[in-house]
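Listed below are the residues making up each chain.
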Amino acid sequence: MAGIYIHVPFCASRCIYCGFYSTTRNDLRQRYVDAVCREMQLRQDYLKEPPRTIYIGGGTPSQLSSAQLQQLFRALDVSQAEEVTIECNPDDVTPALVATLAQLPVNRVSMGAQTFCDERLHFLRRRHTASQVVEAVSRLRDAGIHHVSIDLMYGFPGETLEEWHRDIDRALALGVEHLSAYALMYEEGTPLYRLLEQGQVQELDEELSLQMYSALIDRLCAAGYEHYEISNFATPGHRSRHNSSYWNQTPYLGLGAAAHSFDVASRQWNVDDVEAYISGVESGQLQIEREVLDRDTRYNDIVMTALRTCEGLDLDILSPDEQDYCLQQAQRFLSDGLLRTENRHLILTRRGLFVSNMVMSDLMRV
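Rules of the game
Residues numbered from 1 in each chain as written. Predicted model: local features only at pLDDT ≥ 70, side-chain atom pairs only at ≥ 80, totals over all residues. Heavy atoms only, no water. Helix = DSSP H or I, 4+ residues; strand = E, 2+ residues; numbered from the N terminus. Rg over C-alpha atoms; globule rule 2.2 N^0.38 Å. Buried < 20%, exposed > 50% of the residue type's maximum accessible area, 1.4 Å probe, protein only. Areas by Shrake-Rupley, 256 points an atom, 1.4 Å probe, with all protein chains shown as cover. Lys, Arg positive; Asp, Glu negative; His and termini not counted. Charge placed at Lys NZ, Arg CZ, Asp CG, Glu CD. Phe/Tyr/Trp six-rings, centres within 6.5 Å; stacked < 30°, edge-to-face > 60°. Axes fitted to C-alpha atoms, helices over the stretch in contact; angles between N-to-C directions. Left-handed = near helix turned anticlockwise from the far one by under 90°. Contact = heavy atoms within 4.5 Å. Nonpolar A, V, L, I, M, F, W, Y, C, P; charged D, E, K, R; others polar. 1 Å grid on protein atoms, 1.4 Å probe; cavity = no way out; pocket = protein on both sides within 12 Å on 5 of 7 lines; lining within 4 Å. Points joined across faces, edges and corners; volume = space filled by probe spheres on them. Arc of directions from axis to C-beta. Parallel < 35°, antiparallel > 145°, perpendicular 65-115°, else oblique.

Asks: Quick question: what am I supposed to make of the overall build of the chain here?
Replies: Secondary structure summary: the chain contains 14 helices and 15 strands in total. Whereas a compact globule of 366 residues would reach a radius of gyration of roughly 21 Å, the chain reaches 21 Å, a difference of no more than 12%. Principal axes of the C-alpha set define a box for the chain whose edges measure 60 × 50 × 45 Å. For the chain, buried positions account for 51% of its 366 residues. If you sum the accessible surface of the chain, you get close to 16400 Å²; carbon and sulfur atoms cover 47% of it. Side chains of the chain give 33 positive and 51 negative charges; the mean places of these two sets differ by 3 Å.

Asks: Which parts of the structure should I look at to understand the packing of aromatic side chains?
Replies: Between two aromatic rings, the relevant description is the distance of the centres plus the angle of the planes. Tallied over the full model, the rule gives 9 aromatic pairs. Plain terms: the ring middles of tyrosine 5 and tyrosine 55 are 6.0 Å apart, the flat faces sit at 25° to each other, and that makes the pair stacked. Here tyrosine 5 is found in strand S1 (residues 3–8), whereas its partner tyrosine 55 is found in strand S2 (residues 53–58), with 50 residues between them in sequence. Residue classification places tyrosine 55 among the buried residues on the basis of a relative accessible area of 6%. Ring geometry for tyrosine 32 against tyrosine 277: centres 5.4 Å apart, planes inclined by 50°, an arrangement best described as tilted. Taken together, the residues tyrosine 32 in helix H1 (residues 29–42) and tyrosine 277 in helix H10 (residues 274–282) connect sequence positions 245 residues apart. A relative accessible area of 2% means that tyrosine 32 is categorised as buried. Aromatic rings pair up to connect Phe10, Tyr32 and Tyr277 into one cluster.

Asks: What exactly am I supposed to notice about the packing of helix H12 (residues 320–335) against helix H14 (residues 356–363) here?
Replies: The axes of two packed helices give the description: the angle between them and the distance between them. One can describe the packing of H12 onto H14 by two numbers: an axis separation of 9 Å at closest approach and a directional angle of 145°. The two elements H12 and H14 cross, and the hand of that crossing is right-handed. Between H12 and H14, the residues in contact are Tyr325, Cys326, Gln329, Ala330, Arg332 and Phe333 and Met358, Val359, Asp362 and Leu363, respectively. Of the residues in the contact of H12 with H14, the class split is 7 nonpolar, 1 polar and 2 charged.

Asks: Could you clarify how one ought to interpret empty space enclosed by the protein in this entry?
Replies: Here the idea is plain: a probe the size of a water molecule rolls over the atoms and shows the empty space left. For the coordinates displayed, the defined rule picks out 1 cavity of 30 Å³ or more. Put simply, the largest cavity is a space of about 40 Å³. Considering the residues around the largest cavity, the lining is formed by Asn270, Val271, Tyr277, Val281, Leu286, Gln287 and Ile288. Tallied by class, the residues present in the lining of the largest cavity amount to 5 nonpolar, 2 polar and no charged.

Asks: What should I look at first to understand helix H3 (residues 95–103) in this one?
Replies: One turn of the α-helix equals 3.6 residues, which is why residues spaced by three or four share an orientation. Those residues of H3 that sit buried are Leu97, Val98, Thr100 and Leu101. Buried residues of H3 fall within an arc of 160° about the axis and therefore sit on the same side. The outward face of H3, more than 90 degrees from its buried face, is lined by the exposed residues Pro95, Ala96, Ala102 and Gln103. Those residues of H3 hidden inside the fold are in contact with helix H2 (66–75), strand S3 (83–88), strand S4 (108–114) and helix H5 (130–142).

Asks: Explain the packing of H1 against H10 to me, please; I cannot follow it from the model alone.
Replies: Put simply, H1 and H10 touch, their axes get as near as 9 Å, and they point 50° apart. Relative to H10, the element H1 lies oblique. The handedness of the crossing between H1 and H10 is left-handed. Of the residues in H10, those in contact with Arg31, Tyr32, Ala35, Val36, Arg38, Glu39 and Leu42 of H1 are Val274, Tyr277, Ile278, Ser279, Val281 and Glu282.

This is how it looks when you write it as structure tokens:
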């Protein structure tokens, strides 16, 4: 099994929290799509088999025109693709876009709802309203797309637990098959981080943030969702297959500016500059950096990704000395009830989820 990720960096405007590579240079969209299609040809031998999952993310892929989306899919090999996802902004899910998606092999749509509070959406500089999320889900359903995922955020400055419960209520009322939820992050270099530095906003109390995360788990699991990864929930049969490939060491090819690739032996990433990316592809000289993974890095990657999942870390995929080291490091977490073992797997407990970064870092080799 292998996957393809295509990064579409174009945005009509930037959200204040976003740390992903993006640009508002929408005049470059056609040259960029041409370049991505050309990169597919130049790197056609990277994967040893046709992709089983395809994910078009961003940025805002729904900013591409119908013709540009169709061009991308003509270049893609979708013959064995089981899951084809595209990220959309809710306000972009117009009848015209939905009609385009219905003509393409897209069977999954992921939308950044973030919150159902219009005031907080304005604070984040999101372009959509809460009502547009509801309209978008309805339009996708009508078009026959029955695997819809939404992203939520919690931990806004001044947010209460009651307000977070209301957001969860609105999400559950939509009946979406998949939900990802993240605490609001203050990443250096973002406008949100500058507001924090200037004292114009304050981070939410850590204890309250943990209560919000706990409430999220309780509410979604009670509603029949499977908590299959630290930040991800799905109804039965609707896990994100593409994202799961990142957590189980499946090879994938990343296309576009700033996109990353992984072939088990190495990681590669394209230049994070859209004009430099386009120029490189047009000249036939891909601007790619590569890191060959040594034994310790491979071990650390496995620990960091596998422990994020509900199945946990399969000890039998580690070498004997790695197993010994891992179990030795894990002993205090097993004694403290932060980890448990099941069928030769190390799995974070409910309490362990709250301190997952600490547990993972202590199991890694420095």
